[in-house]
Amino acid sequence: MASSTTLKLSLFSVLTVLCFQVVVSVIQHPLDPLTKEEFLSVQTIVHNKYPTSKNKVAFHYIGLDDPDKDLVRRYESLPTLVNIPRKSFVIAIINGQSHEILINLRSKTITSDNVHKGYGFPILSVEEQGVAIELPLKYPPFIASIKKRGLNISEVVCSTFSMGWFGEEENIRTVRVDCFMKESSVNIYVRPISGLTIVVDLGTLKIVEYHDREIETVPTAEKTEYQVSKQSPPFGPKQHSLTIHQPQGPGFQINGNSVSWANWKFHIGFDVRAGIVISLASIYDLEKHKSRHVLYKGYISELFVPYQDPTEEFYFKTFFDSGEFGFGLSTVSLIPNRDCPSNAKFIDVYIHSDDGTPSLLKNAICVFEQYGNIMWRHTETGIPDEYIEESRTEVNLIVRTVVTVGNYDNVLDWEFKTSGSIKPSIALSGILEIKGTNIKHNDEIKEDIHGKLVSANSIGVYHDHFYMYYLDLDIDGTHNSFEKTSLKTVRITDGSSKRKSYWTTETQTAKTESDAKITIGYAPAELVVVNPNLKTAVGNHFGYRLIPAIPAHPLLSLDDYPQIRGAFTNYNVWVTPYNRTEKWAGGLYVDHSRGDDTLAVWTQQNRNIENQDIVLWHVVGIHHVPAQEDFPIMPLLTTSFELRPTNFFERNPVLNTLSPPDVAWPGCPK
Ligand SMILES: *[C@@H]1O[C@H](CO)[C@@H](O)[C@H](O)[C@H]1NC(C)=O
Ligand SMILES: *[C@@H]1O[C@H](CO)[C@@H](O)[C@H](O)[C@H]1NC(C)=O
Ligand SMILES: [Cu+2]
């Protein structure tokens with residue numbers, strides 16, 4: 001009886017939650033992504049100025065133009081009082097020129113329309129890539145090359161690859177196309193057709209360069225299939241089932257795009273270029289009885305993936321996955337109960353096609369609580385006749401998206417902890433970019449093959465993944481400083497101690513951008529964003545420190561073209577004064593860029609960053625030396641960092657946090 005009541009109650013609470021979400025009409029938050037109607041409005045406004053009967057118009061970016069930060073902060077405290085302008089920033093290629101169009105969504109008018117005169121091009125559209133990949137299949141020289149290789153043209157599938165920039169003078173929007181075999185396995189990326197160079201001009205959508213060089217074996221399809229429906233036994237190891245039951249319902253609420261959970265409140269935005277954007281994260285301080293600002297905005301500003309094979313086949317593969325392909329455009333629907341647990345709630349988003357039409361991407365984001373870790377604990381055995389043990393369970397909130405750019409899947413999490421930490425993490429999966437080779441065994445290797453043999457005829461090419469996080473921390477206010485506390489060895493030479501040495505700390509406040517360019521890993525240091533204007537009761541500045549990811553440093557020479565374009569990876573940490581237009585570490589126009597609009601260039605101004613509104617940039621890198629286990633599809637490879645309160649609270653903020661009540665399982669003895 002007891003158990004069926006529990007079930008009825010929980011069903012009832014599920015229903016009320018659902019009904020609540022349907023009934024309440026949510027007021028638009030100034031940071032909400034563009035709605036379907038707003039996308040359509042942008043489309044109409046631009047088409048009115050540039051009728052498609054007379055103009056060639058392609059939308060390469062439509063997003064929210066960031067509202068003024070001061071206004072958003074005022075809106076937070078007085079949601080009804082401030083009427084915040086709502087604008088869209090658009091990059092459209094109109095008759096071959098990149099236009100930057102600012103649109104007032106309330107008055108439905110164009111505020112400004114400027115042609116980009118510099119180098120580089122906007123994000124490639126999905127549609128033009130769709131056209132480009134079909135071109136070789138009808139191109140007689142390509143058909144002949146396929147025949148020469150003894151392959152079946154009906155089983156060929158092609159894919160686009162951004163070209164980068166290697167010092168050439170001309171500024172033409174081109175893309176390279178590589179092709180693969182799809183026969184017998186959907187795992188196309190491990191079955192490249194080698195020895196071909198195909199370049200497509202995206203303006204004319206024609207093949208403008210074609211070479212057939214040498215023939216290398218296409219690796220076999222055998223044992224590369226990953227669809228469970230196509231796999232055959234034995235399956236293993238066996239995994240046992242689990243059910244997640246939250247009889248009190250989830251501990252979080254999603255109201256529009258605003259989330260409140262435990263002591264946290266934040267906003268989830270979405271952008272076709274950035275993907276998920278976390279904003280206005282603030283934490284409730286139980287002792288101070290108020291909500292305190294932590295993170296104004298956080299997102300991945302760029303992902304730089306340079307491959308390390310300088311041959312004709314691969315040299316150009318130096319991808320900028322956000323600026324060239326769009327993290328939002330590459331976000332995929334999450335699979336319930338697989339990508340996110342059964343207690344997850346999903347959020348849909350809109351993306352747009354190159355004609356400006358919005359389309360719904362279902363289940364783009366999931367939010368769920370994760371259990372199973374310890375928040376803090378202690379067993380006290382030092383008091384005679386007493387045995388004290390105390391352990392509190394940790395419950396975390398995870399916000400997840402998956403960005404699949406071609407072969408790679410990036411599982412991107414933002415984890416919030418009641419102890420005040422924010423822990424972004426990246427997990428890589430998907431498929432290695434394979435280079436075909438006639439080599440079947442390591443013994444046959446005569447010279448550098450620029451990767452590892454991961455299977456017969458298959459080289460997993462060396463490469464890096466450098467994720468650049470934009471982190472606009474506002475620690476209890478916008479005016480912050482960046483402190484580096486170095487740990488230094490002190491020698492004792494005067495015989496004052498039995499010790500010969502100890503370590504102590506030395507804190508320096510970064511005055512300008514140069515002081516805050518940091519390479520992590522050579523010398524121990526604490527990196528803290530502090531509010532220099534506020535102190536704890538004992539006199540420490542309120543702060544949040546960066547516990548960095550395992551550091552990775554670029555290994556390309558600084559004068560190499562890809563590294564000039566990806567110069568924002570030259571340091572692991574950078575700090576800049578907040579500037580509304582400095583959003584994209586690799587520049588606004590990244591495709592074919594020449595590195596003249598990167599974080600490395602902006603910071604040459606060496607601006608003042610002390611007691612200013614500052615932005616912390618953190619590069620999270622993975623050097624990837626492929627191994628056989630990465631083949632034919634890669635188990636998750638994870639890296640993460642933490643933004644952790646450091647003298648932000650007076651004491652452990654979860655000292656009085658209770659573990660969630662134990663749940664009596666229906667029908668089971670306790
Ligand atoms: C080529 O592939 C197509 C599509 O799978 C198939 O119908 C055809 O029989 C194949 N041709 C040859 C010569 O194998
Ligand atoms: C903001 O950034 C842009 C691009 O780096 C720069 O041109 C502009 O001068 C900056 N504004 C301020 C106030 O620093
Ligand atoms: Cu990799």
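How each quantity is defined
Residues numbered from 1 in each chain as written. Chains lettered and ligands numbered in written order. Predicted model: local features only at pLDDT ≥ 70, side-chain atom pairs only at ≥ 80, totals over all residues. Heavy atoms only, no water. Helix = DSSP H or I, 4+ residues; strand = E, 2+ residues; numbered from the N terminus. Rg over C-alpha atoms; globule rule 2.2 N^0.38 Å. Buried < 20%, exposed > 50% of the residue type's maximum accessible area, 1.4 Å probe, protein only. Contact = heavy atoms within 4.5 Å. Areas by Shrake-Rupley, 256 points an atom, 1.4 Å probe, with all protein chains shown as cover. Donors = N, O, S within 2.8 Å, 3.2 Å for Na, K, Ca; no water. Tetrahedral: all angles 85-135°; square planar, octahedral: opposite > 155°, others 65-115°. Disulfide = S-S within 2.5 Å. Near = heavy atom within 4 Å. Polar contact = N/O pair within 3.5 Å; in protein donor to acceptor, adjacent residues only side chain to side chain.

Tell me about the overall build of the protein, and name the residues and values.
Along its length, the protein carries eight helices and 31 strands. Over its C-alpha trace the protein gives a radius of gyration of 27 Å, about what one expects of a compact globule, namely 26 Å for 670 residues. Projected onto its principal axes, the C-alpha positions of the protein cover 85 × 80 × 65 Å. Out of the 670 residues belonging to the protein, those deemed buried represent 50%. For the protein, restricting intrachain contacts to residue pairs at least 6 apart in sequence, the fraction spanning at least 24 positions comes to 67%. A total of about 31,700 Å² of accessible surface is found on the protein, and carbon and sulfur atoms cover 53% of it.

A description of the coordination of the copper ion (ligand 3) should follow, citing residues and the corresponding values.
The copper ion (ligand 3) binds to the protein through Tyr408 (OH), His463 (NE2), His465 (NE2) and His624 (ND1), with metal-donor distances spanning 2.0 to 2.1 Å. Taken together, the four donor atoms surrounding the copper ion (ligand 3) define angles of 93 to 135° at the centre, an arrangement classified as irregular. Within one chain, the residues donating to the copper ion (ligand 3) are spaced in sequence as Y-x54-H-x1-H-x158-H. Here His465 is found in strand 23 (residues 463-473), whereas its partner His624 is found in strand 29 (residues 612-624), with 159 residues between them in sequence. Using a relative accessible area of 1% as the deciding quantity, one classes His465 as buried. Exposure remark for His624: the relative accessible area of 5% places this residue in the buried category.

Tell me about unusual backbone geometry, and name the residues and values.
Along the chain, Pro233 connects to Pro234 via a cis peptide bond; the corresponding omega equals 5°. Inspection of the secondary structure assignment puts Pro234 in the loop between strand 8 (206-212) and strand 9 (252-255). Of note, Leu205 is a non-glycine position whose phi angle comes to about 55°, a positive value. Along the chain, the position of Leu205 falls in the loop between strand 7 (196-201) and strand 8.

Describe the state of the cysteines, with residues and values.
All chains considered together, the criterion is met by two disulfides. Between Cys158 and Cys179 runs a disulfide, and the two sulfur atoms are separated by 2.1 Å. Residues Cys158 and Cys179 are joined by a disulfide whose S-S torsion is about 100°; by sign, that bridge is right-handed. Linking Cys158 in strand 5 (residues 156-162) with Cys179 in strand 6 (residues 174-181), this pair joins segments that are 21 residues apart in sequence. As far as the burial class goes, Cys158 and Cys179 line up, both buried. Across a sulfur-sulfur distance of 2.2 Å, Cys340 and Cys366 are joined as a disulfide pair. The chirality of the disulfide connecting Cys340 with Cys366 is left-handed, given an S-S dihedral of about -95°.

Break down the environment of Leu471 for me, citing the residues and quoting the values.
Position of Leu471 relative to the elements: it lies in strand 23. Of the residues examined, Leu471 reaches a relative accessible area of 0% and is grouped as buried. C-alpha of Leu471 to C-alpha of Asp630: the two residues are 159 residues apart in sequence and 31 Å apart in space. Apart from the residues lying within four places of it in its own chain, the contact partners of Leu471 are Leu295, Lys297, Trp414, Val615, Leu616, His618, Phe641 and Leu643.

Quick rundown of the site of ligand 1? Include the residues and the values.
Neighbouring ligand 1 are Asn152, Ser154 and Glu155. The side chain of Asn152 places a nitrogen or oxygen atom 2.4 Å from an oxygen atom of ligand 1. In this structure, an oxygen atom belonging to ligand 1 sits 2.4 Å away from a side-chain N or O atom of Glu155. Protein contacts shield 27% of the accessible area of ligand 1, which totals 360 Å² for the unbound molecule.

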